[in-house]
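# Structure assessment
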Amino acid sequence: SWYGYESNRMEVNGDDGFAELGYLHGIGLNQDSPAALAADLNLDGRMDLLTVAQRTFLSNGRLAVEQSLVIYENTLETDGHWIGVHLAPNAPGFLDVGATVRLEGEFGIRERFLHTGLTPTVQGPASVHFGLGNHTKIDAVTVRWGNGREQVIIEPKLDQYHIVSPRLDFAPIPDPPPEPEEVSE
């Protein structure tokens, strides 16, 4: 909500632009909600919604705040495809925060920058989710870690999550040797 006790809103992008559908989907709480997060809690490919519902009141002459976590499981059925990537850094120098996940396919290029601290009060998972609609193939997923190292998954399977951990079992490709200098006589 923008202000306390204003109904929460959910803007959905459709063919004719954005429409407010919070009330129709049952998430239009008439309560202050200072934080919200979309995350796939049950790993079914549908983004669920978490909000903090907050109530401010007087108690014994003092201002008091009561908060509760409200979870909305996404149960909407869809024929659309999706892919998710969980980043699991397991080595020094590899951080999930700041990594970029890039998809390449018939749809072009899609890219997400991983940041877990969406607001001062919300921290999300080290995962990225891409909705693909009716696209049925991805050419490649490239993970660029915060330290600049890259990993590529060629033609990954759709409708599932892929766990990507740093590969430490290969050496970087060396630079080519310098060109020999011409000797003049």
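Below: a short report on this structure. Everything numeric here is computed off the predicted structure, so don't read it as measured data.

Looking now at the pairing of strand β1 (residues 11-14). For β1 and strand β2 (residues 17-20), the ladder comprises four bridges, and the chain directions are antiparallel. Among the inter-strand pairings, V12 is bridged to a residue of β2, identified as A19. Count of turn residues in the β1/β2 antiparallel hairpin: two residues.

In this section: the sheet that holds strand β12 (residues 138-144). Taken together, four strands build an open sheet; the order of strands is β8-β7-β12-β13 and the sheet is antiparallel. Because the sheet does not close on itself, it has two edges, and the strands there are β8 (108-113) and β13 (150-154). Across the sheet, the mean angle from the axis of one strand to that of its neighbour is 15 degrees, orientation sign disregarded. Relative to β12, strand β7 (residues 100-105) is paired through six bridges, and the arrangement is antiparallel. Looking at the pairing, L103 lines up with V141 of β12.

Time to look at the side chain of T51. Relative to the elements of secondary structure, T51 occurs in strand β4 (residues 48-59). According to the relative accessible area criterion, T51 is buried, its value standing at 7%.

Another aspect to go through is unusual backbone geometry. One non-glycine residue, L43, lies in positive phi territory at about 55 degrees. One can find L43 in the loop between β3 (32-39) and β4. A positive phi angle is found at E155, which is not glycine, with a value near 45 degrees.

Within the fold, D96 resides in the loop between β6 (81-87) and β7. Here D96 is buried and forms no salt bridge, its nearest opposite-charge partner R144 lying at an N-O distance of 15 Å.

On the surface, L41, L69 and I71 cluster together to form a nonpolar patch covering roughly 300 Å² of accessible area. With a relative accessible area of 46%, L41 lands in the partly exposed category.

All right, on to the packing of aromatic side chains then. For any pair of aromatic rings, the description consists of the separation of the ring centres together with the inter-plane angle of the planes. Following the criterion strictly, the structure yields two aromatic pairs and no others. In this arrangement the basic side chain of R55 is found over the ring face of F57, its NZ or CZ atom lying 4.2 Å from the centre. R110 extends its terminal NZ or CZ atom over the ring of F107, reaching a point 4.7 Å from the ring centre.

With that settled, consider the sheet that holds strand β5 (residues 62-72). Taken in spatial order, the three strands of this open sheet run β3-β4-β5, and their pairing is antiparallel. In this open sheet, the two strands that pair with only one neighbour each are β3 and β5. Strand-to-strand twist across the sheet, computed as the mean angle between neighbouring axes with direction ignored, equals 15 degrees. The sheet contact formed by β4 and β5 spans 11 bridges and is antiparallel. Bridge pairing links A53 to S68 in β5.

All right, on to the nonpolar core then. Among the nonpolar cores identified, the biggest contains 20 residues, and V85, L87, V101, L103, L132 and I138 are the most heavily contacted of them. At the level of elements, β6, β7, β11 (127-133) and β12 are the ones that each hand at least two residues to this core. When near neighbours in sequence (up to four residues on either side) are disregarded, V85 contacts V101, A126, S127, V128, V141, V143, Y161, H162 and V164.

Moving on, we come to the pattern of salt bridges. Considering all chains together, one arrives at eight salt bridges under this definition. One salt bridge connects D44 with R46, and the closest N-O pair in it is separated by 3.0 Å. Looking at D44, the relative accessible area reads 25%, which means it is partly exposed. Its salt-bridge partner being R102, residue E111 comes within 3.7 Å of it at the nearest N-O pair. Owing to a relative accessible area of 47%, E111 belongs among the partly exposed residues under this scheme.

Cut-offs and rules
- Residues numbered from 1 in each chain as written.
- Predicted model: local features only at pLDDT ≥ 70, side-chain atom pairs only at ≥ 80, totals over all residues.
- Heavy atoms only, no water.
- Pairing = 2+ DSSP bridges.
- Helix = DSSP H or I, 4+ residues; strand = E, 2+ residues; numbered from the N terminus.
- Axes fitted to C-alpha atoms, helices over the stretch in contact; angles between N-to-C directions.
- Buried < 20%, exposed > 50% of the residue type's maximum accessible area, 1.4 Å probe, protein only.
- Lys, Arg positive; Asp, Glu negative; His and termini not counted.
- Salt bridge = Lys/Arg side-chain N within 4 Å of Asp/Glu carboxyl O.
- Patch = residues over 30% accessible without salt bridge, like charges linked within 9 Å, V, L, I, M, F, W, Y side chains within 5 Å.
- Areas by Shrake-Rupley, 256 points an atom, 1.4 Å probe, with all protein chains shown as cover.
- Phe/Tyr/Trp six-rings, centres within 6.5 Å; stacked < 30°, edge-to-face > 60°.
- Lys NZ or Arg CZ within 6 Å of the ring centre and 35° of its normal.
- Core = buried A, V, L, I, M, F, W, Y, C linked by side-chain atoms within 4.5 Å.
- Contact = heavy atoms within 4.5 Å.

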